[in-house]
Amino acid sequence: MQEPIALWRNRYEPPEDLRDDNLGMHPYLGSAHKYQEKVPGTAPYLKDIHVFNPAGLVSFGLPVGDIHSIRLFTTYQRRMSWLLK
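On a predicted model such as this, the values are computed, not experimentally measured, just so you know. (Residues numbered from 1 in each chain as written. Predicted model: local features only at pLDDT ≥ 70, side-chain atom pairs only at ≥ 80, totals over all residues. Heavy atoms only, no water.)

> Teacher, can you tell me more about the nonpolar core here?
As a rule of thumb, nonpolar side chains are buried together in soluble globular proteins. Counting 6 residues, the largest nonpolar core is built from Ile 5, Leu 29, Tyr 35, Ala 43, Leu 46 and Val 51. Beyond its immediate sequence surroundings of up to four residues, Ala 43 is in contact with Pro 4 and Glu 37. (Core = buried A, V, L, I, M, F, W, Y, C linked by side-chain atoms within 4.5 Å. Buried < 20%, exposed > 50% of the residue type's maximum accessible area, 1.4 Å probe, protein only. Contact = heavy atoms within 4.5 Å.)

Right, dumping it as structure tokens:
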């Protein structure tokens, strides 16, 4: 199943100083979090598979409302609380 799925390393070549091989291994997701074909026309069934899990991090960032984003927000809020005083 993995072979026909486009990964970030297949679609984007970052500048050398920003390269991260781990990020390049994430799936390159399209609209509505759909898998994309590595080679167009070779796996049309991928358009029916939506990815709403940590694999979508590189394509869409942290999901709003998940445990990780809540933890990051509260940490950020504590650090920035001095601005509200």
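> When you look at the environment of His 33 in this model, what are you seeing that I'm missing?
Mapped onto the elements of the fold, His 33 is located in the loop between helix H2 (21-24) and helix H3 (57-60). Distance in space between the C-alpha atoms of His 33 and Asp 48 is 10.0 Å, their sequence separation being 15 residues. The contact partners of His 33, leaving out residues within four places of it in the chain, are Ile 49, His 50, Val 51, Phe 52 and Phe 60. (Helix = DSSP H or I, 4+ residues; strand = E, 2+ residues; numbered from the N terminus.)

> Got a minute to help me understand the pattern of salt bridges in this structure?
Within the structure shown, the criterion is met by 4 salt bridges. As a salt-bridge pair, Glu 16 and Arg 19 come within 2.9 Å of each other at their nearest N and O atoms. The class for Glu 16 is exposed, based on a relative accessible area of 61%. A residue is classified by how much of its surface remains accessible, and Arg 19, at 34% relative accessible area, is partly exposed. (Salt bridge = Lys/Arg side-chain N within 4 Å of Asp/Glu carboxyl O.)

> Whenever I open this one, the environment of Val 39 confuses me. Can you help?
The topology assignment puts Val 39 in the loop between H2 and H3. On the basis of relative accessibility, which here comes to 47%, the residue Val 39 falls in the partly exposed class.

> Can you help me understand the confidence of the model for the protein in this one?
Low-confidence regions, as indicated by low pLDDT, have predicted coordinates that should not be scrutinised in detail. Summing up the model confidence of the protein, the mean pLDDT is 81 and the portion of residues at 70 or higher is 71%. Mean pLDDT across the elements of the protein ranges from a minimum in helix H4 (residues 67-80), with 58, to a maximum in helix H1 (residues 8-11), with 94. (pLDDT = per-residue confidence, 0-100.)

> I'm lost on the packing of aromatic side chains in this one. Help?
Per the counting criterion, the structure on display carries 2 aromatic pairs. Note on Trp 8 and Tyr 12: the rings are 6.1 Å apart at their centroids and 85 degrees apart in plane angle, and the pair reads as edge-to-face. The exposure class of Tyr 12 is partly exposed, given its relative accessible area of 43%. Both rings, one in Trp 8 and one in Tyr 28, keep their centres 4.7 Å apart while their planes meet at 65 degrees; by these two values the pair is edge-to-face. Of this pair, Trp 8 sits in helix H1 while Tyr 28 sits in the loop between H2 and H3, placing them 20 residues apart in sequence. (Phe/Tyr/Trp six-rings, centres within 6.5 Å; stacked < 30°, edge-to-face > 60°.)

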